[in-house]
Amino acid sequence: MRQVYGILGWPVAHSRSPAMQEAAFRALGIDAVYVPFPVRPERLADAVAGLRALGIAGANVTLPHKEAVIALLDEVEPDARAIGAVNTIVRSGDRLLGANTDAPGLVRALAEAGFEPKGTRAVVLGAGGAARAAVVGLARAGAALVTVAARRLDRAEALAEELAPVSGGTALAAADLARLGEAFAQADLVVQATSATLEGRAEAEAFAASLPLDALPAQATVNDLVYEPRETAVLRRARARGLCTVDGLGMLLHQGAIAFERWTGRDAPLAAMRTTLVR
Ligand code: NAP
């Protein structure tokens, strides 16, 4: 019987997940569809009940539902709970399990670009949901130190404090985004996890120019999680300085690939998924 998967979001029409996941099903000859489900915030509980009633095989969850969905599931994995966000729902019989594949997706994207976080020092810019996922992903991958930098220092401090109990052997620190010279001088990796570099943001250039990229060691890697545009102002400057750069499409691809693997138990057809994303 044809399986139905989908993504809950509001709005959701812009999502690249349907095309990416349907390409994956096609590539492996799996009889399944993946549907964008526009769900108003006040209808989220109804939508999750609908997933159960309709026997939906699995789902992704995007803005603004990633946090609110937690209370509606039967079980939530510890890392998703620590991050405070579920982006993937896995069905196990009648039970719905919440997972976060953004964190391991980031680590896979970095690995694909030749960056292995174990024992490294990273600086994560931003203190929102993407930053939280990045911190947990890097901690799980054995980073020695992750410094969270935000324009509001109290937000960075709160994030580092909150995630310290789940960071294992990874030390967490907080910094002011405007004073990053010292942290950058010792960094192996910078993960840009603010929305400042998004397409159309007036502040993108000034934000990029404000970062002390010259202080980074020559072998450092700079990853911007924003994927629209693919080459952000931060990546352009980092590349001009000769640094290794990783764009945000890698994390988008790999979070989807891990979700696919969780749903189907099969290796994700990365090439087919990537081709669709890039297009
Ligand atoms: P969010 O929860 O809204 O957090 C945004 C963060 O950016 C906040 O810390 C905010 O600071 C900061 N920020 C915004 N404008 C800034 C500026 N001009 N200067 C300094 N800081 C600024 O958003 P999110 O969910 O974390 O997502 C952040 C970005 O990551 C999104 O734009 C998205 O495109 C990208 N993302 C990519 C993937 C992927 O798969 N590649 C996955 C998730 C997210 P304040 O709190 O001070 O406002």
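Everything below is about the structure shown above.
Summary of the structure given here.

Definitions and cut-offs
- Each residue is numbered by its place in its chain's sequence as written, counting from 1.
- Local features are withheld for residues below a pLDDT of 70 in this predicted model, meaning they are given only at 70 or higher, and side-chain atom pairs are given and counted only at 80 or more; totals for whole chains, interfaces and linings count all residues.
- The side-chain values count all of the structure's non-hydrogen atoms but skip hydrogen atoms and water molecules.
- Two strands qualify as a pair provided that DSSP identifies no fewer than 2 bridges between them.
- Under the DSSP-based scheme used, a helix requires at least four consecutive residues in state H or I and a strand at least two consecutive residues in state E, with every element numbered from the N terminus.
- In what follows, residue pairs with any heavy atoms lying within 4.5 Å of each other are defined as contacts.
- Axis lines are fitted through C-alpha atoms, for helices just across the contact stretch, and the angle between N-to-C directions can take any value from 0 to 180 degrees.
- To sort residues, take the accessible area from a 1.4 Å probe on protein chains only and compare it with the maximum for the residue type: under 20% means buried, over 50% means exposed, and anything in between is partly exposed.
- Crossings are classed by handedness, with left-handed meaning an anticlockwise turn of the near helix from the far one by less than a right angle and right-handed meaning a clockwise turn.
- Nearness is judged by heavy atoms alone; a residue qualifies as near a molecule or strand once a single heavy atom is within 4 Å of it.
- Polar contact criterion, stated in full: a pair of N or O atoms within 3.5 Å, where within protein one must be able to donate a hydrogen and the other to accept it, and residues adjacent in sequence count only if both atoms are side-chain atoms.
- Computed with the Shrake-Rupley method and a 1.4 Å probe, the accessible areas treat only the protein chains shown as cover for residues.
- The salt bridge criterion pairs a side-chain nitrogen of Lys or Arg with a carboxyl oxygen of Asp or Glu, the two atoms within 4 Å.
- Note that the arc is computed from the directions linking the helix axis to the C-beta atoms.
- An angle below 35 degrees is treated as roughly parallel, one above 145 as roughly antiparallel, one from 65 to 115 as roughly perpendicular, and anything else as oblique.
- Lys, Arg, Asp and Glu make up the charged group, whereas Ala, Val, Leu, Ile, Met, Phe, Trp, Tyr, Cys and Pro make up the nonpolar group; the residues left over, Gly among them, are polar.
- The criterion is simple. A nonpolar core is a set of buried Ala, Val, Leu, Ile, Met, Phe, Trp, Tyr and Cys residues joined through side-chain atoms within 4.5 Å.

1. Side note on the sheet that holds strand β5 (residues 88-92)
Sheet architecture is open: six strands sit in the order β2-β1-β3-β5-β6-β4, paired in mixed fashion. Lying at the two open borders of the sheet, with one neighbouring strand each, are β2 (32-38) and β4 (75-76). Most of the contacts of helix α1 (residues 17-27) go to β2, to which it runs at about 170 degrees, and overall it touches β1 (3-9), β2 and β3 (58-61).

2. Notes on the pairing of strand β6 (residues 95-99)
In terms of residue burial, β6 counts as a mostly covered element, since four of its five residues are buried. Two strands pair when backbone bridges link them, and β4 and β6 are joined in this way by two bridges, in the parallel orientation. Across the sheet, the residue bridging to E75 is L97, located in β6. Relative to β6, β5 is paired through five bridges, and the arrangement is antiparallel. Bridging from a neighbouring strand, T88 pairs with A99 of β6.

3. Remarks on the packing of α1 against helix α11 (residues 270-278)
Put simply, α1 and α11 touch, their axes get as near as 8 Å, and they point 145 degrees apart. Considering how the two elements wind past one another, α1 and α11 form a crossing that is right-handed. Across the interface between the two elements, A19, M20, Q21, A23, A24 and A27 from α1 touch A272, M273, T276 and L277 from α11.

4. Remarks on the site of the ligand
Looking at the ligand, there are 22 residues lining it, with A130, R151, R152, L225 and G248 nearest. At 2.9 Å, a backbone N or O of G248 approaches a nitrogen atom of the ligand. Expressed as a share of its isolated accessible area of 930 Å², the protein-covered part of the ligand is 77%. Contributing elements (two or more residues each) for the shell around the ligand: α5 (129-140) and α10 (249-264).

5. Brief notes about the pattern of salt bridges
Taken as a whole and assessed by the stated rule, the structure comprises 17 salt bridges. The shortest N-O distance in the salt bridge between K66 and D102 comes to 3.1 Å. With K66 in the loop between β3 and β4 and D102 in helix α4 (residues 102-112), this pair connects stretches of sequence that are 36 residues apart. Across this residue pair, the class does not change: K66 and D102 are buried. Its salt-bridge partner being E205, residue R236 comes within 2.3 Å of it at the nearest N-O pair. With R236 in helix α9 (residues 233-240) and E205 in helix α8 (residues 204-210), this residue pair connects regions lying 31 residues apart in the sequence. Since its relative accessible area comes to 35%, R236 is described here as partly exposed.

6. Some points on helix α6 (residues 153-163)
Of all the residues in α6, the buried ones are A156, L159, A160 and L163. The buried residues of α6 occupy one face: seen down the axis, they fall within an arc of 95 degrees. Counted as exposed and oriented over 90 degrees from the buried face of α6: D154 and E161.

7. Remarks on α11
Of all the residues in α11, the buried ones are M273, T276 and L277. The buried side chains of α11 occupy one side of the element, clustering within an arc of 100 degrees when seen end-on. Contact partners of the buried residues in α11: α1 and α10.

8. Looking at the sheet that holds strand β9 (residues 171-176)
What the six strands build is an open sheet, ordered β9-β8-β7-β10-β11-β12; its pairing is parallel. Every other strand in the sheet has two partners, leaving β9 and β12 (244-246) as the edge strands with one partner each. Ignoring which end each strand starts from, the neighbouring axes of this sheet average 20 degrees apart. Running at roughly 175 degrees to β9, α6 makes contact with β8 (145-150) and β9 of the sheet.

9. Looking at the packing of α1 against α10
One way to put it is that α1 packs onto α10 with a least axis distance of 10 Å and a crossing angle of 50 degrees. By the angle between their axes, α1 is oblique relative to α10. The hand of the α1/α10 crossing is right-handed. Together, M20, Q21, A24 and F25 of α1 and L252, L253, Q255, G256, F260, W263 and T264 of α10 make up the contact between the two elements. Here the residues of the contact of α1 with α10 are counted per class, giving seven nonpolar, four polar and no charged.

10. Comments concerning the nonpolar core
With 29 residues, the main nonpolar core has V124, V135, L138, V146, L163, L189 and V191 as its most contacted residues. Counting residues per element, the ones that place at least two in this core are α3 (78-83), α4, β7 (121-125), α5, β8, α6 and β10 (189-192). With residues up to four places along the chain from it excluded, the contact list for L189 reads L110, F115, R121, A122, V123, L138 and T221. Residues L125, A149, L213 and L235 belong to the second largest nonpolar core, which totals 22 residues.

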